[in-house]
Amino acid sequence: MLQSLVSWLFGLFEQFSLFGTWLTTDLPHIDLAPLELISYAGITFIIGFLIVRLVIGG
């Protein structure tokens with residue numbers, strides 16, 4: 001019982017670390033990490049993308 005609980009906790013910590021790594025890894029095509037999308041550069045990129053999409057008509 002204790003061994004399965006400890007194994008589950010270590011697995012949980014491993015999944016959280018993988019998620020943290022994903023948050024700081026650059027996404028393809030936009031060269032920004034998901035965590036950076038809530039910064040000034042990310043907001044600027046999102047607004048610029050929406051304006052270009054509005055002009056193009058997509």
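Whatever comes next refers back to the structure up there.
Residues numbered from 1 in each chain as written. Predicted model: local features only at pLDDT ≥ 70, side-chain atom pairs only at ≥ 80, totals over all residues. Heavy atoms only, no water.

(A) Quick peek at the overall build of the protein chain. Counting its regular elements, the protein chain contains two helices and zero strands. A globule of 58 residues ought to have a C-alpha radius of gyration of about 10 Å, yet the protein chain, at 18 Å, is considerably larger. Its C-alpha atoms put the protein chain at 60 × 20 × 15 Å along the principal axes. Looking at the protein chain residue by residue over its 58 residues, the buried ones come to 7%. (Helix = DSSP H or I, 4+ residues; strand = E, 2+ residues; numbered from the N terminus. Rg over C-alpha atoms; globule rule 2.2 N^0.38 Å. Buried < 20%, exposed > 50% of the residue type's maximum accessible area, 1.4 Å probe, protein only.)

(B) Looking closely at the packing of aromatic side chains. Applying the stated criterion across every chain yields a total of two aromatic pairs. With a centroid separation of 6.4 Å and an interplanar angle of 20°, the aromatic rings of Phe45 and Phe49 are classed as stacked. Of this pair, Phe45 and Phe49 are both found in helix α2 (residues 40–56), four residues apart, which corresponds to roughly one turn of the helix. (Phe/Tyr/Trp six-rings, centres within 6.5 Å; stacked < 30°, edge-to-face > 60°.)

(C) Region of the structure containing unusual backbone geometry. At His29, a position not held by glycine, the phi torsion is positive, near 80°. When you line up the elements, His29 lands in the loop between α1 (2–23) and α2. The exposure class of His29 is exposed, given its relative accessible area of 86%. Positive phi values are uncommon outside glycine, yet Asp31 reaches one of about 55°. Mapping Asp31 onto the fold places it in the loop between α1 and α2.

Remember, this is a structural readout, not a statement about activity or role.
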